[in-house]
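Notes for the structure review
Each chain is listed here by its residues.
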Amino acid sequence: MDGHVVWARWAPWADVTVRTYLSPFRDGWHLRLHQLTTGRSLSAAEGAFSLPWTALGQDPAALRSTDAAGTCGAAADGLHSVIIDLDPDRHRTGELVAPLAGTNVLHPRTVLPMLRADYPPGEHRLRTAVYLGDGPPRLDDETMTALRDAAAALEAPMEFEHLPARPGLANPAV
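With that settled, the discussion passes to the overall build of the chain. Counting secondary structure elements, the chain contains one helix and 12 strands. In the chain, the succession of helices and strands from N to C terminus is β-β-β-β-β-β-β-β-β-β-β-α-β. When the 174 residues of the chain are sorted by exposure, 43% land in the buried category. Expressed as a percentage of contacts within the chain between residues at least 6 apart in sequence, the contacts between residues at least 24 apart total 65%. Carbon and sulfur atoms form 58% of the exposed surface of the chain, whose accessible area is close to 9400 Å².

Rendered as structure tokens:
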């Protein structure tokens with residue numbers, strides 16, 4: 001932890017390193033900045049907060065609350081969860097996922113807003129804003145500008161090279 005920023009560095013494979021920085025923002029938002037260095041092509045997914053999916057027979061797609069490019073959100077049981085790609089080109093695709101039953105310790109069934117993208121070998125920076133609250137988030141120009149500015153400020157001190165990478169479980173089949 002460095003002030004209000006939590007950071008981690010890990011290496012899921014010998015040729016892949018991920019540095020992640022998390023910072024609170026305001027009004028239910030937090031920021032995530034990931035620096036991905038990869039020697040292979042990857043498919044990646046980043047999730048927001050899962051929400052309870054309690055209505056029997058309900059299509060989970062009915063819980064989706066936004067369809068804007070580079071975003072995904074859901075609303076259920078009075079809660080709202082939203083994830084936004086803050087990169088200018090918004091290349092990540094929003095997808096609402098219904099994880100297998102029993103994968104959440106609080107709720108038997110959930111929905112999870114996610115962003116997905118494929119990455120070629122090289123370095124990639126992913127900037128994300130994530131919201132969880134009991135009402136819909138403000139997504140106006142002022143809020144979006146403030147989120148992008150805060151992510152840029154978070155990106156400035158990313159020089160934590162002294163962090164050792166924590167090896168993950170390598171799966172040669174992947």
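With respect to the helices and strands, Gln35 occurs in strand β3 (residues 29–38). Polar contacts involving the side chain of Gln35 include one to the side chain of Glu123, which spans 3.0 Å.

Nonpolar side chains in soluble globular proteins tend to end up buried together. With 15 residues, the main nonpolar core has Trp29, Leu86 and Leu147 as its most contacted residues. Contributions of two or more residues to this core are made by β3, β8 (79–85), β11 (122–133) and α1 (141–155). Per-element accounting of this core gives the leading share, four residues, to α1. When sequence neighbours within four positions are dropped, the list of residues in contact with Trp29 reads Pro24, Val82, Ile84, Ala129, Val130, Tyr131, Pro137, Arg138, Leu139, Thr143 and Leu147. Judged by nonpolar contacts, the second largest core, of 11 residues, contains Trp53, Leu96, Val111 and Leu115.

The subject of this paragraph is the pattern of salt bridges. All told, the structure shown has nine salt bridges when counted by the stated rule. Asp85 is paired through a salt bridge with Arg92; the nearest N and O atoms lie 3.4 Å apart. A salt bridge links Arg138 to Asp140, with the shortest nitrogen-to-oxygen separation between them at 2.7 Å. We classify Arg138 as partly exposed; its relative accessible area is 44%.

Next up on the list: the packing of aromatic side chains. In total, this model carries one aromatic pair according to the counting rule given. Ring geometry for Trp29 against Tyr131: centres 5.2 Å apart, planes inclined by 50°, an arrangement best described as tilted. Here the residue Trp29 occupies a position in strand β3, and Tyr131 occupies one in strand β11, the gap between them amounting to 102 residues. Above the face of the Trp53 ring, Arg109 is positioned so that its terminal group lies 4.2 Å from the ring centre.

Moving on, we get to the confidence of the model for the chain. Caution is warranted with low-pLDDT regions, since their predicted coordinates should not be read in detail. This prediction gives the chain a mean pLDDT of 83; 80% of its residues lie at or above 70. Segment residues 160–174 is flagged for pLDDT under 50; beyond a separation of four residues in sequence, or across chains, it makes 24 contacts in the model.

In an α-helix, one full turn covers 3.6 residues, which means residues spaced three or four apart are oriented alike. Taking 1.5 Å as the rise per residue, α1 with 15 residues should run 21 Å; its terminal C-alpha atoms sit 21 Å apart, in good agreement. For α1, the complete set of buried residues consists of Thr143, Met144, Ala146, Leu147, Ala151, Leu154 and Glu155. Along its buried surface, α1 packs onto β2 (16–24), β3, β8 and β11.

Rules and cut-offs
Residues numbered from 1 in each chain as written. Predicted model: local features only at pLDDT ≥ 70, side-chain atom pairs only at ≥ 80, totals over all residues. Heavy atoms only, no water. Helix = DSSP H or I, 4+ residues; strand = E, 2+ residues; numbered from the N terminus. Buried < 20%, exposed > 50% of the residue type's maximum accessible area, 1.4 Å probe, protein only. Contact = heavy atoms within 4.5 Å. Areas by Shrake-Rupley, 256 points an atom, 1.4 Å probe, with all protein chains shown as cover. Polar contact = N/O pair within 3.5 Å; in protein donor to acceptor, adjacent residues only side chain to side chain. Core = buried A, V, L, I, M, F, W, Y, C linked by side-chain atoms within 4.5 Å. Salt bridge = Lys/Arg side-chain N within 4 Å of Asp/Glu carboxyl O. Phe/Tyr/Trp six-rings, centres within 6.5 Å; stacked < 30°, edge-to-face > 60°. Lys NZ or Arg CZ within 6 Å of the ring centre and 35° of its normal. pLDDT = per-residue confidence, 0-100. Expected span 1.5 Å × (residues − 1).

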